[in-house]
Amino acid sequence: MTIRVVVADDQELVRSGFAMILDAQSDIEVVAEAGDGATAVEAVRRLAPEVALLDIRMPGMDGIEACRAISAGTGCRTVMLTTFDSDEYVYEALHAGASGFLLKDVRRDDLVHGVRVVAAGDSLLAPSVARRLIAEYTSRRPAAAVAPSAHLDVLTAREHETLLHLARGLSNTEIAAALVVSEHTVKTHVGNVLSKLGLRDRIQAVICAYECGVVTPSAEGGPALDSPAQGSRPPSGKPPAGGSARAS
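Residues numbered from 1 in each chain as written. Predicted model: local features only at pLDDT ≥ 70, side-chain atom pairs only at ≥ 80, totals over all residues. Heavy atoms only, no water.

A. Representation of the sheet that holds strand β4 (residues 77–82) within the structure. In space, the five strands of this open sheet follow the order β2-β1-β3-β4-β5, with parallel pairing throughout. Across the chains shown, the open sheet's two edge strands, defined by having one partner strand only, are β2 (28–34) and β5 (100–103). Between one strand and the next, the sheet's axes are offset by a mean angle of 25°, whatever the strand orientation. With four bridges joining them, strand β1 (residues 3–8) and strand β3 (residues 51–55) adopt parallel strand pairing. Note that in β3 the partner of Ala-8 across the bridge is Leu-54. (Pairing = 2+ DSSP bridges. Helix = DSSP H or I, 4+ residues; strand = E, 2+ residues; numbered from the N terminus. Axes fitted to C-alpha atoms, helices over the stretch in contact; angles between N-to-C directions.)

Following this line, the structure appears as structure tokens:
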């Protein structure tokens with residue numbers, strides 16, 4: 001199956017460079033390029049690609065608004081291009097429906113990998129980036145008024161614990177080690193969490209965990225977990241800083 005991609009960035013050299021890298025892959029085809037959000041949205045609606053690569057900062061309709069329109073009206077998944085050191089609006093992309101984030105100076109292989117991961121239905125978010133984005137996100141939004149148990153009581157104890165580990169940015173392999181179960185079992189738990197809570201992917205699960213008060217940002221910017229569900233085990237060591245969180 002060929003992954004069809006729309007690339008949107010107001011810098012022509014950046015946009016063309018990404019398009020050239022992706023088009024060189026046998027399983028990826030760039031079907032359109034756009035210099036602003038409105039053009040990107042129109043291209044997605046007209047061409048129905050699997051992935052839209054969107055720069056956050058573009059003239060007119062920016063990447064966040066374009067992401068929101070694409071997520072609400074199409075089946076296309078979005079990856080945001082950003083510079084985490086300077087973008088103060090990155091957290092807004094979480095609620096807009098972004099399925100992943102890539103730095104604008106991303107390596108060639110990581111760009112290709114990111115597009116493939118998101119096209120496969122997974123989310124792309126490094127644990128270190130997750131901690132930073134969520135800490136920023138929760139510091140700007142009021143805590144949810146609904147008690148966690150009122151929203152999450154549909155989960156089993158093990159699914160609740162899986163949600164806690166997702167909020168830490170752990171990969172399926174790391175969750176399996178923490179729970180002492182197989183990765184196949186973890187995939188089942190993750191799928192159940194997303195299905196029962198009506199969430200699209202792993203990133204939305206992280207947001208849900210924070211908004212429902214299951215976890216809160218610690219003083220260091222990472223998540224502070226609430227008491228584990230009955231029968232749960234304490235999390236194991238921290239995930240590698242360079243790993244990526246993937247949903248299945």
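B. Helix α1 (residues 12–23), seen in detail. The end-to-end C-alpha separation of α1 is 16 Å, in line with the 16 Å expected for 12 residues at 1.5 Å each. For α1, the secondary structure elements touched by its buried residues are β1, β2, β3, β4 and α5 (108–119). (Expected span 1.5 Å × (residues − 1). Contact = heavy atoms within 4.5 Å.)

C. Spotlight on the nonpolar core. Counting residues in each nonpolar core, the largest one holds 25 residues, and the members touching the most others are Leu-54, Ile-70, Met-80 and Phe-101. Counting only elements with at least two residues in this core, the list comes to β1, β2, α2 (37–47), β3, α3 (63–73), α4 (90–96) and α11 (202–211). By size, the runner-up hydrophobic cluster in this structure holds 24 residues, among which are Leu-170, Leu-179, Leu-197 and Val-214. (Core = buried A, V, L, I, M, F, W, Y, C linked by side-chain atoms within 4.5 Å. Buried < 20%, exposed > 50% of the residue type's maximum accessible area, 1.4 Å probe, protein only.)

D. Examining the pairing of β3 more closely. For β3, the tally of buried residues reaches five of five residues, placing the bulk of the element in the interior. Both faces of β3 are covered, namely the face carrying Val-51, Leu-53 and Asp-55 and the face carrying Ala-52 and Leu-54. Strand direction decides the pairing type here: β3 and β4, joined by five bridges, are parallel. Bridge pairing in β4 links Leu-53 to Val-79. Crossover handedness for the path β3 to α3 to β4: right-handed. (Right-handed = clockwise from strand over helix to strand, strands pointing away.)

E. Spotlight on the state of the cysteines. Using the criterion set out here, one finds zero disulfides in the structure. Left without a disulfide partner, Cys-76 is nearest to the cysteine sulfur of Cys-67, which lies 9.3 Å away. Cys-76 sits in the buried class, given a relative accessible area of 6%. With no disulfide of its own, Cys-212 lies closest to Cys-208 among cysteine sulfurs, the gap being 3.9 Å. The class of Cys-212 is buried, set by a relative accessible area of 11%. (Disulfide = S-S within 2.5 Å.)

F. Fine view of α2. Among all positions of α2, only Gly-37, Ala-40, Val-41, Ala-43 and Val-44 are buried. Taken down its axis, α2 places every buried residue within 165° of arc, on the same side. Seen from the buried face of α2, the exposed residues on the opposite side, beyond 90 degrees, are Arg-45 and Arg-46. Residues of α2 that are buried in the fold lie against β1, β2, β3 and α3. Ala-48 sits one or two residues past α2 and shows a positive phi near 50°. (Arc of directions from axis to C-beta.)

G. Structural context of the packing of helix α8 (residues 157–167) against helix α9 (residues 172–179). The geometry of α8 relative to α9 is characterised by a closest axis approach of 10 Å and an angle of 130° between their N-to-C directions. Considering the angle they form, α8 stands oblique to α9. For the pair α8 and α9, the crossing hand works out as right-handed. Seen from α8, the contacting residues are Arg-158, Glu-161, Thr-162, His-165 and Leu-166; seen from α9, they are Ile-175, Ala-178 and Leu-179. A class-by-class count of the residues in the contact of α8 with α9 yields four nonpolar, two polar and two charged. (Parallel < 35°, antiparallel > 145°, perpendicular 65-115°, else oblique. Left-handed = near helix turned anticlockwise from the far one by under 90°. Nonpolar A, V, L, I, M, F, W, Y, C, P; charged D, E, K, R; others polar.)

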